Amino acid sequence: MIIFGSRGVTSSGATGTFHCPTCGSGAPYRRKSVRRFFTLYFIPVIPLDKLADYVECTTCRGTFQPAVLDFDPTSQQAAFEAEFQRAVRGVAVKMMLADGVVEDDEVLAVCALLEKVTGDAPTPDRIRADAEAMRTDGRSVADYVASVRGGLNDRGKELVVRAALAIASSDGKISDTERLLLVEIGEALELTEAHLMGILQAAADA
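This one's a predicted model, so the numbers in the text were calculated from it and none came from an experiment.

Trainee: Account for the overall build of the chain, naming residues and giving values.
Mentor: Per the secondary structure count, the chain includes 7 helices and 4 strands. The order of helices and strands in the chain, counted from the N terminus, is β-β-β-β-α-α-α-α-α-α-α. Pairs at least 24 apart in sequence give 61% of the contacts found in the chain among residues at least 6 apart. As displayed, the chain has an accessible area near 11700 Å², and 53% of this comes from carbon and sulfur atoms.

Trainee: Pulling in residues and values, what's your account of the pattern of salt bridges?
Mentor: The tally for this structure, following the rule as stated, stands at 8 salt bridges. Asp130 serves as the salt-bridge partner of Arg89, at 3.2 Å between the closest nitrogen and oxygen. Here Arg89, found in helix 1 (residues 73–96), pairs with Asp130, found in helix 3 (residues 124–135); they are 41 residues apart in sequence, far enough to count as distant. Given the relative accessible area of 22%, Arg89 is considered partly exposed.

Trainee: Any chance you could break down the packing of aromatic side chains for me, citing the residues and the numbers?
Mentor: Think of a pair of aromatic rings as described by two things: how far the centres are apart, and how the planes are tilted against each other in angle. Taken as a whole, this structure holds 2 aromatic pairs when the rule is applied. Between Phe18 and Phe64, the aromatic rings sit 6.2 Å apart at their centres with planes inclined by 55 degrees, giving tilted as the arrangement. Pair noted here: Phe18 is in strand 1 (residues 4–20) and Phe64 is in strand 4 (residues 63–64), with a separation of 46 residues, a long-range link. A residue is classified by how much of its surface remains accessible, and Phe18, at 6% relative accessible area, is buried. For Phe64, a relative accessible area of 18% puts it in the buried group. In this structure an aromatic cluster arises from ring pairing among Phe18, Tyr29 and Phe64.

Trainee: Would you mind going over unusual backbone geometry in detail, with residue names and values included?
Mentor: Although it is not a glycine, Arg61 sits at a positive phi angle of roughly 70 degrees. Residue placement: Arg61 occurs in the loop between strand 3 (43–57) and strand 4. The phi torsion at Glu190 lies on the positive side, around 65 degrees, for a residue other than glycine. Looking at the element boundaries, Glu190 is found in the loop between helix 6 (176–188) and helix 7 (193–205). Glu190 gets classed as exposed once you look at its relative accessible area, which sits at 56%.

Trainee: Describe the nonpolar core, listing the residues and the values that go with them.
Mentor: Residues Met95 and Ile185 are the most contacted members of the largest nonpolar core, which totals 41 residues. Once residues lying within four places of it in the same chain are set aside, the contact partners of Ile185 are Val91, Met95, Val141, Val145, Val160, Val161 and Ala164.

Trainee: Got a sec to walk through the packing of helix 4 (residues 141–148) against helix 6? Specific residues and values, please.
Mentor: Contact pair helix 4 / helix 6: the axes reach a minimum separation of 8 Å and the direction vectors enclose 25 degrees. Considering their axes alone, helix 4 and helix 6 lie roughly parallel with respect to each other. Crossing geometry of helix 4 relative to helix 6 is assigned as right-handed. Touching Val141, Ala142, Val145 and Ala146 of helix 4 are Leu181, Glu184, Ile185 and Ala188, all from helix 6.

Trainee: Could you give an account of helix 3, naming the residues involved and the relevant values?
Mentor: The terminal C-alpha atoms of helix 3, which comprises 12 residues, lie 16 Å apart, in line with the 16 Å expected from a rise of 1.5 Å per residue. Within the span of helix 3, buried status applies to Ile127, Asp130, Ala131 and Met134. Buried positions in helix 3, seen along its axis, are confined to an arc of 100 degrees and lie on one side of it.

Rules and cut-offs
Residues numbered from 1 in each chain as written. Predicted model: local features only at pLDDT ≥ 70, side-chain atom pairs only at ≥ 80, totals over all residues. Heavy atoms only, no water. Helix = DSSP H or I, 4+ residues; strand = E, 2+ residues; numbered from the N terminus. Contact = heavy atoms within 4.5 Å. Areas by Shrake-Rupley, 256 points an atom, 1.4 Å probe, with all protein chains shown as cover. Salt bridge = Lys/Arg side-chain N within 4 Å of Asp/Glu carboxyl O. Buried < 20%, exposed > 50% of the residue type's maximum accessible area, 1.4 Å probe, protein only. Phe/Tyr/Trp six-rings, centres within 6.5 Å; stacked < 30°, edge-to-face > 60°. Core = buried A, V, L, I, M, F, W, Y, C linked by side-chain atoms within 4.5 Å. Axes fitted to C-alpha atoms, helices over the stretch in contact; angles between N-to-C directions. Parallel < 35°, antiparallel > 145°, perpendicular 65-115°, else oblique. Left-handed = near helix turned anticlockwise from the far one by under 90°. Expected span 1.5 Å × (residues − 1). Arc of directions from axis to C-beta.

In short, geometric facts, not functional conclusions.
Structure (structure tokens):
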């Protein structure tokens, strides 16, 4: 009697180190694949279709999709920081334009805020140039925030709101228009009303 069938056979491939979601950076891995074989008398004879392709961390034994090998935490962090700086600067300038007048104390407040929050130290002339560019781009502050929201984590979103609040209060008062803009910014960042009020209250108590 001829006995035949099929079964999966796991084989190992490339090795190296990667950023394991469980262990962190520098973890060793082994690339593995599972292929179905035609068997004759239970012996794999003819390779058939590939069933799976995955990466196994040899430390924690976790298994992941091969795309995990492309993750570079250093470049990801650099990209986030660049997007965060762009978002904070844009929101700060948009808030400065809310009342239609760019005052010197507001420009200086934006410069000081950006240096403190992002580490970037723009000149007043650069901020005025940004203001002129944003004055003509046609987007509301909420539209602008929505366009950069995808590159921000929760902490980044909170700092954007704090930056907007700092600019709104730089002249010693917050107008009704500026209050409305703060709410619109929170909504554009997809923050809940409770989360937004918590951020604003914490800033007021600081």
